[in-house]
Amino acid sequence: MSLSMLALVVSLAAALVLGLVSWVPRVLALEVGITDVEPGLLSVAQNTRGVQSLGADLTVTLYDRGFRLSRGTTVLADTVTKGAPVVALRGSVVSGEEHPQERVRSALVDVSIDAVTRDGEKVTYSGVVSGPGEALPLRITFEPLDGRIRMDVAVEGASAVALNLDWRPATTGIAPALPARNLKAKAYWVDPTVVQQPAFTWVLGTDVSIGPVRVPRAVDLRQDGRIAVHVWAPRAVVTVTDTPRGARDTLEG
């Protein structure tokens, strides 16, 4: 084989690999029926930054990179640290042969947090989620609730809300909501028959539940650096246990 022929073969092989790299993720997305939506920018007003107490040594902190839930110095959960914690989706969910299929027409991916208010131990951040030529009001409320911290995200006018959590290793499903195995690099629909059931846990030792129930919900770990929780309603509720598993076992023992 001549050098020119060898160079042609190598070039064709490289082009094929590049084509597969871009094509395969799209095919996999179609197969699972869950659309990956990249979060945009997060803008945080200076007066909203800092630590807010939720009582019983629980806190929520807003940095310029996102939210952190803690008990004392123990981290319970973080929103994504590169990009907006919330994306608002317009579209619908349709039935498929094996699982539902998301049909996303548009997405508002940028978040601006402008104000924070308190009502007892409840803390509410308000602002907007926006895209080209459009903005919708955003409200994110944190409150302690019977051994958990509830993060209630409401976007009036959205078809669905995607909450972006910071990726952590050993993210493992909790049956029957999700498969009881490492969820690494895949996307899953939450079992629609499950109500008030934790969906997954992770290396932080906390359990994470997704609501409201009786609406389509999904968890997407296909992208590095984030766990996207999709809830097909204008309101998404994610609850995190307020004590990691190891500490809980000690307290219960």
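So, how was this worked out
- Residues numbered from 1 in each chain as written.
- Predicted model: local features only at pLDDT ≥ 70, side-chain atom pairs only at ≥ 80, totals over all residues.
- Heavy atoms only, no water.
- Helix = DSSP H or I, 4+ residues; strand = E, 2+ residues; numbered from the N terminus.
- Contact = heavy atoms within 4.5 Å.
- Core = buried A, V, L, I, M, F, W, Y, C linked by side-chain atoms within 4.5 Å.
- Buried < 20%, exposed > 50% of the residue type's maximum accessible area, 1.4 Å probe, protein only.
- Pairing = 2+ DSSP bridges.
- Axes fitted to C-alpha atoms, helices over the stretch in contact; angles between N-to-C directions.
- Salt bridge = Lys/Arg side-chain N within 4 Å of Asp/Glu carboxyl O.
- Phe/Tyr/Trp six-rings, centres within 6.5 Å; stacked < 30°, edge-to-face > 60°.
- Polar contact = N/O pair within 3.5 Å; in protein donor to acceptor, adjacent residues only side chain to side chain.

A.B. asks: Give a detailed account of the overall build of the protein, specifying residues and quantitative values.
C.D. replies: Scanning the protein from N- to C-terminus turns up two helices and 19 strands. Partitioning the contacts of the protein with sequence separation of at least 6, the portion at a separation of at least 24 is 58%.

A.B. asks: Could you give an account of the nonpolar core, with specific residues and numbers?
C.D. replies: By size, the foremost hydrophobic cluster in this structure holds 53 residues, and its most contacted members are Val 86, Ile 140, Phe 142, Val 155 and Phe 200. Dropping the residues within four chain positions of it, Val 86 is found in contact with Val 109, Val 111, Val 129, Leu 138, Ile 140, Val 153, Val 155, Val 161, Ala 162, Leu 163 and Asn 164. One finds Val 37, Ala 160, Ala 162 and Trp 232 within the second-largest nonpolar core, a separate group that totals six residues.

A.B. asks: Can you tell me about the sheet that holds strand 18 (residues 226-231), naming the residues and giving the values?
C.D. replies: Strand order in this open sheet of six strands is 7-6-12-18-17-14, and the pairing throughout is antiparallel. A strand with exactly one partner marks an edge of an open sheet, and here the two such strands are strand 7 (101-108) and strand 14 (187-189). Strand-to-strand twist in this sheet, taken as the mean axis angle between neighbours without regard to direction, amounts to 25°. In terms of strand pairing, strand 6 (residues 86-94) meets strand 7 through seven bridges, oriented antiparallel. When the sheet's bridge partners are listed, Val 93 is paired in strand 7 with Glu 102.

A.B. asks: I'd like to hear about the pattern of salt bridges, residue by residue, with values.
C.D. replies: Within this structure, the stated rule accounts for ten salt bridges. The salt bridge partner of Arg 150 is Glu 143, with a shortest N-O separation of 2.5 Å. By relative accessible area, Glu 143 is classed as buried at 15%. With a closest N to O distance of 2.9 Å, Asp 152 and Arg 235 form a salt bridge. Of this pair, Asp 152 sits in strand 11 (residues 148-155) while Arg 235 sits in strand 19 (residues 235-241), and the two are 83 residues apart along the sequence. Note on Arg 235: relative accessible area 35%, which makes it partly exposed. Overlapping salt bridges, with partners in common, bring together Asp 36, Glu 38 and Arg 226 in one network.

A.B. asks: Could you give an account of the packing of aromatic side chains, naming the residues involved and the relevant values?
C.D. replies: Applying the stated criterion to the full structure yields four aromatic pairs. Pairing Phe 67 with Tyr 125 gives two aromatic rings, centres 4.9 Å apart and planes at 70°, and the pair type is edge-to-face. Note that Phe 67 is positioned in strand 4 (residues 66-71) and Tyr 125 in strand 9 (residues 122-131), a separation of 58 residues in sequence. Residue class for Tyr 125 comes out buried when judged on its relative accessible area of 0%.

A.B. asks: An account of the side chain of Thr 124 is requested, with residue identities and associated values reported.
C.D. replies: Its place among the elements puts Thr 124 in strand 9. A distance of 3.0 Å separates the side chain of Thr 124 from the side chain of Thr 141, its partner in a polar contact. In contact with Thr 124, other than residues within four places in its own chain, are Ala 115, Val 116, Thr 117, Arg 139, Ile 140 and Thr 141.

A.B. asks: Lay out the sheet that holds strand 4 in plain terms, naming residues and giving numbers.
C.D. replies: Across the sheet, which stays open at both edges, the four strands sit in the order 2-3-4-5 with antiparallel pairing between neighbours. Lying at the two open borders of the sheet, with one neighbouring strand each, are strand 2 (50-55) and strand 5 (74-78). Between one strand axis and the next, the sheet turns through 25° on average, direction left out of account. The pairing of strand 4 with strand 5 spans four bridges and is classified as antiparallel. The partner of Arg 68 across the bridge, within strand 5, is Asp 78.

A.B. asks: Give a detailed account of the pairing of strand 19, specifying residues and quantitative values.
C.D. replies: Burial of strand 19 is extensive: six of the seven residues sit out of reach of the surface. With seven bridges joining them, strand 11 and strand 19 adopt antiparallel strand pairing. Across the sheet, the residue bridging to Arg 148 is Thr 241, located in strand 19. Across four bridges, strand 16 (residues 207-211) lies against strand 19 in antiparallel orientation. By the bridge assignment for strand 19, Ser 209 is matched with Thr 239.

A.B. asks: Any details on the pairing of strand 17 (residues 217-220)? Residues and values, ideally.
C.D. replies: Residues Arg 217 and Val 219 point to one face of strand 17 and Ala 218 and Asp 220 to the other, with burial holding for every one of them. Bridging between strand 14 and strand 17 involves three bridges; their strand directions are antiparallel. Bridged to Trp 189 within strand 17 is Ala 218. Sheet topology places strand 17 next to strand 18; four bridges connect them, and they run antiparallel. Bridged to Arg 217 within strand 18 is Val 231.

Without other data, these values stay purely geometric and don't point to any function.
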